[in-house]
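# A closer look at the structure
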Amino acid sequence: DHRDLHSFPTRRSSDLYDSGYKQQEPLADNKKPKHEKHSKHKKPKRRKTISYDDNFSFNPFGREIKTNNGVKFLIAEKGDSYYKIAEEMEMMKWEIFKYNLPIEKVQELEDSINYTLNGISLNDPYNNTRSVGLAINAVKEVSLSAGTFAAEYGNALSGVVNYVTKEGGNKYTFSLRGYSGDYLSTHKDLFFNIDKIDPLNHSRLEGTLGGPVPFTNKKLKFFMSSVFENFKGSLYGIRLYNPTDSYLAPESFRKGDLRKGSATDPYFFNPYNLNSNGLPTGDRKIVAMNPSLNINFQGNISYQLTSLIKLRYEAVYDYGRSQSFNRAYEFNPDGRGTNYGSGLIQTLDFTHTVNQNMFYTLKASYGYHEGKYYLYKNFNDPRYLPTLYRRTVGNTIFLTGGTDNRRFRRKTTTTTIKGDLTAELFDHHEIKVGFEGRFHKVYMESYNVQLRTSKGANIITDDLLYGNDKIIRYKPDPKTEPSLITTYTMHPVDAAFYVQDKIELAKTLILNIG
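Small disclaimer: the values here were computed from a predicted structure and weren't measured.

If you tally the helices and strands in the protein, you get five helices and 27 strands. Burial analysis of the protein (514 residues in total) assigns 36% to the buried set. In the protein, once contacts between residues fewer than 6 apart in sequence are set aside, the share between residues at least 24 apart is 68%.

Taken together, the side chains of Phe174, Leu176, Leu205, Leu209, Met224, Phe228, Ile295, Phe297 and Tyr317 present a nonpolar region at the surface, about 810 Å² in accessible area. Those elements that place two or more of their residues in the nonpolar patch are strand 10 (173-181), strand 11 (202-212), strand 12 (220-231) and strand 17 (292-304). Within the secondary structure layout, Phe297 lies in strand 17.

Throughout the structure, instances matching the rule amount to 21 salt bridges. Note that Arg239 and Asp334 form a salt bridge whose closest N and O atoms lie 2.7 Å from each other. On the criterion of sequence distance, the pair formed by Arg239 in the loop between strand 13 (236-238) and strand 14 (247-248) and Asp334 in the loop between strand 18 (309-322) and strand 19 (338-355) is long-range, its members being 95 residues apart. On the basis of relative accessibility, which here comes to 31%, the residue Asp334 falls in the partly exposed class. Measuring nitrogen to oxygen at the nearest pair gives 2.8 Å for the salt bridge that ties Arg312 to Glu314. As far as burial versus exposure is concerned, Arg312 and Glu314 are alike and both buried.

A word on the sheet that holds strand 8 (residues 139-146). Strand order in the open sheet made by the four strands is 5-4-9-8, with mixed pairing throughout. At either margin of the open sheet sits one strand with a lone partner, and together these are strand 5 (120-121) and strand 8. Where strand 4 (residues 113-117) lies against strand 5, two bridges are found, and the strand directions are antiparallel. Residue Thr116 lies in a different strand from strand 5, and its bridge partner there is Ser121.

Counting residues in each nonpolar core, the largest one holds 17 residues, and the members touching the most others are Tyr272 and Tyr384. Discounting residues that sit within four places of it in the chain, Tyr272 has contacts with Ser246, Leu248, Leu388, Tyr389, Thr461, Leu464 and Leu465.

In this model, Phe215 sits at a positive phi of 65°, which is unusual for a non-glycine residue. Inspection of the secondary structure assignment puts Phe215 in the loop between strand 11 and strand 12. Of the residues examined, Phe215 reaches a relative accessible area of 87% and is grouped as exposed. Although it is not a glycine, Arg284 sits at a positive phi angle of roughly 60°. Inspection of the secondary structure puts Arg284 in the loop between strand 15 (268-269) and strand 16 (286-288).

What the rule picks out here adds up to 10 aromatic pairs. Aromatic pair Phe350 and Tyr360: ring centres 6.4 Å apart, planes at 45°, arrangement tilted. Separated by 10 residues along the polypeptide, Phe350 in strand 19 and Tyr360 in strand 20 (residues 358-374) bring together distant segments of the chain. Judged by its relative accessible area of 25%, Tyr360 is partly exposed. One aromatic cluster in this structure is built from Tyr241, Tyr247, Tyr267 and Phe269.

Our focus in this paragraph is the confidence of the model for the protein. Chain-level statistics for the protein give a pLDDT mean of 83 and a share of 81% at 70 or above. Ignoring residues within four places in sequence, the model shows residues 1-61, a span with pLDDT below 50, making 102 contacts including any to other chains.

By secondary structure assignment, the location of Tyr115 is in strand 4. On the basis of relative accessible area, Tyr115 is assigned to the buried category, the value being 19%. Sequence spacing of Tyr115 and Leu144 is 29 residues, and the spatial spacing of their C-alpha atoms is 9.6 Å. Apart from the residues within four sequence positions on either side, Tyr115 is in contact with Ile120, Ser121, Leu122, Asn123, Arg130, Val161 and Tyr163.

Its location among the elements puts Asn114 in strand 4. Residue Asn114 is classed as buried on the basis of its relative accessible area, which comes to 6%.

As paired strands, strand 17 and strand 18 are joined by 13 bridges and run antiparallel to one another. Note that in strand 18 the partner of Ile301 across the bridge is Tyr313. Connecting the antiparallel pair strand 17 and strand 18 is a turn made up of four residues. Across 14 bridges, strand 18 lies against strand 19 in antiparallel orientation. Among the inter-strand pairings, Gly320 is bridged to a residue of strand 19, identified as Gly341.

Attention shifts here to the side chain of Glu314. Following the sequence through the fold, Glu314 ends up in strand 18. For Glu314, the side chain forms a polar contact with the side chain of Asn118, separated by 2.9 Å. Polar side-chain contacts of Glu314 include one of 2.8 Å to the side chain of Thr165. Apart from the residues within four sequence positions on either side, Glu314 is in contact with Leu117, Asn118, Thr165, Gln298, Gly299, Asn300, Ile345, Gln346 and Thr347.

On to the environment of Lys219. With respect to the secondary-structure elements, Lys219 resides in the loop between strand 11 and strand 12. Distance in space between the C-alpha atoms of Lys219 and Thr306 is 9.0 Å, their sequence separation being 87 residues. Look past the residues within four positions of Lys219 in its chain and what remains in contact with it is Ser302, Tyr303 and Gln304.

Conventions adopted
Residues numbered from 1 in each chain as written. Predicted model: local features only at pLDDT ≥ 70, side-chain atom pairs only at ≥ 80, totals over all residues. Heavy atoms only, no water. Helix = DSSP H or I, 4+ residues; strand = E, 2+ residues; numbered from the N terminus. Buried < 20%, exposed > 50% of the residue type's maximum accessible area, 1.4 Å probe, protein only. Contact = heavy atoms within 4.5 Å. Patch = residues over 30% accessible without salt bridge, like charges linked within 9 Å, V, L, I, M, F, W, Y side chains within 5 Å. Areas by Shrake-Rupley, 256 points an atom, 1.4 Å probe, with all protein chains shown as cover. Salt bridge = Lys/Arg side-chain N within 4 Å of Asp/Glu carboxyl O. Pairing = 2+ DSSP bridges. Core = buried A, V, L, I, M, F, W, Y, C linked by side-chain atoms within 4.5 Å. Phe/Tyr/Trp six-rings, centres within 6.5 Å; stacked < 30°, edge-to-face > 60°. pLDDT = per-residue confidence, 0-100. Polar contact = N/O pair within 3.5 Å; in protein donor to acceptor, adjacent residues only side chain to side chain.

What follows is the structure, given as structure tokens:
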């Protein structure tokens, strides 16, 4: 979605209820708003619409209130401002401005934080964000540096976050914990389907295991952790339509076609199926619109070669699958695509303590970070439908059929080598010297599945109604149709070398020079 992703914190949900924020009830075709006066002029006939007995009601113009870490926020739309949102949410203008920065600043902060795993960078050069996530139960400590940085962190502008992971000890350890729950609210007018409680709607299970490897005299130790989290969703739609439904006005059919009618007749749904009865084929089941699944695995093995030399291998794997709420597909939920993400990083550390005042580390890592978005795995899947199916009802944004034909894939692979030496000299000086080289391969591809007739022509309504021509689905060729696809492969390289001296001039005065 090409919209402003700036988020505004809102008031407490109870404040929203007290302020009279209620869902708008749709007007029936034969009713007028109370404030509308009757006109003496003759009005044109309204097209008949199909009605259902189910008492479902939606507010197509309401704001979607989201929650992250207990903080309520909403996504800004085009034309929004601090003042407009404050007035709508009955807040003071400074309450919103205090918690928001200009878009450029927010983007700058997000893109300039350096995430590291035991000193190895996790940042993906595609967008300079973290390539893999880490489970809390695998982290021993997190160090956060903000403000002015030493020369060691020359590529950090906003902050440095370093994760130090746990290792196996001399004794075996095991842990297992989890939770499960669902959302509760008495405000059914605001939250559709909130009264249907599922104790397993949001569940998470974490486990760890560590200790010495048998028959190694406790020199070889291991630690591993795993997290499984499943969220069934909290925002819902109704499957009134299937992707193949769509509709046509009766006057769109050819003369002689039994389906042909006048402009005042009801729309004919599922028109491209010869066996259609003119009604939508959806089963009207409630469907979660924002489910997600996340799996994380971390493991390491450390070997104490001697009392002064240590070797350690670690791997972190992250996988996620999710769907985002899209109001256009609220009644055609099976037409939406799914986001897929995965990441893996493997590191090898060698630490040598030369003496009590000096040690050095050599590190190497290899990893990848991949993201995908698609509805069906194969671009020539026959379930991908022409854009003619994507029709909305009346003056709304609700799709009555069609598929999301967008496809996106990107993958970054990174190889890193890094070395650091630390020495304490002359009682007051801590000298650090180090280098780092990162070698990337960045691949990106984005396009819409193209559908044509076998002759290469654009598909028109008559082709779907009366044509016997085969529909061809294909991925655009960047050489012949460059405007229909964006794709590239890049090989960026970044390298660094630093020297710094931490001088303790006094107990309360430390000077860093680098």
